[in-house]
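One-letter residues, chain by chain:
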Amino acid sequence: DPEEAFVAALSSCHMLTFLYLAAKAGFVVESYRDEASGVMTPNESGRLWVSSVILAPAIAFGGDREPSAAELEALHHDAHDQCYLANSVKTEITIAPRIV
């Protein structure tokens, strides 16, 4: 349905931006799986809209080094800031990453 496609699009945009930034920083991502979810609530007019999305990526790193907690937070922050879809919607987006 369209709501699930919307959540999936936000998830994909974040993932692709994160993967780019992680590679640029020298991290090897072996797997990335997001269990994204969205919440629909009525707006001021009583019409439903996707008011919030939670991205919950589970990421496994390989290679010689793994990002610290601060580096991982910075990667997700930068990915969110650079995701053109996240910058195009008024939906609240929360990122709750997990390291596998």
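Whatever comes next refers back to the structure up there.
Here is what the cut-offs are and how they apply
- Residues numbered from 1 in each chain as written.
- Predicted model: local features only at pLDDT ≥ 70, side-chain atom pairs only at ≥ 80, totals over all residues.
- Heavy atoms only, no water.
- Axes fitted to C-alpha atoms, helices over the stretch in contact; angles between N-to-C directions.
- Helix = DSSP H or I, 4+ residues; strand = E, 2+ residues; numbered from the N terminus.
- Parallel < 35°, antiparallel > 145°, perpendicular 65-115°, else oblique.
- Left-handed = near helix turned anticlockwise from the far one by under 90°.
- Contact = heavy atoms within 4.5 Å.
- Nonpolar A, V, L, I, M, F, W, Y, C, P; charged D, E, K, R; others polar.
- Disulfide = S-S within 2.5 Å.
- Buried < 20%, exposed > 50% of the residue type's maximum accessible area, 1.4 Å probe, protein only.
- Salt bridge = Lys/Arg side-chain N within 4 Å of Asp/Glu carboxyl O.

A. Broad picture of the packing of helix α1 (residues 2-24) against helix α2 (residues 69-82). In the contact formed by α1 and α2, the axes pass within 8 Å of each other and the chain directions differ by 130°. As far as their axial angle goes, α2 and α1 are oblique. Where α1 crosses over α2, the handedness of that crossing is right-handed. Of the residues in α2, those in contact with His14, Thr17, Phe18, Leu21 and Ala22 of α1 are Leu72, Leu75, His76, Asp78, Ala79, His80 and Gln82. For the contact of α1 with α2, a count of residues per class yields six nonpolar, five polar and one charged.

B. Main features of the state of the cysteines. Here the structure, examined in full by the defined rule, presents one disulfide. The disulfide partner of Cys13 is Cys83, and the S-S distance across this bridge is 2.3 Å. In this structure the cystine formed by Cys13 and Cys83 twists about its S-S bond by roughly 135°; its chirality is therefore right-handed. Note that Cys13 is positioned in helix α1 and Cys83 in the loop between α2 and β5 (92-95), a separation of 70 residues in sequence. We note that Cys13, like Cys83, is buried.

C. Fine view of the pattern of salt bridges. Across all of its chains, the model carries two salt bridges by this definition. For Arg33, the salt bridge identified is with Glu35, shortest N-O distance 3.1 Å. With relative accessibility at 47%, the residue Glu35 sits in the partly exposed group. When the shortest N-O distance is used, the salt bridge between Glu71 and Arg65 registers 3.7 Å. The exposure class of Arg65 is partly exposed, given its relative accessible area of 38%.

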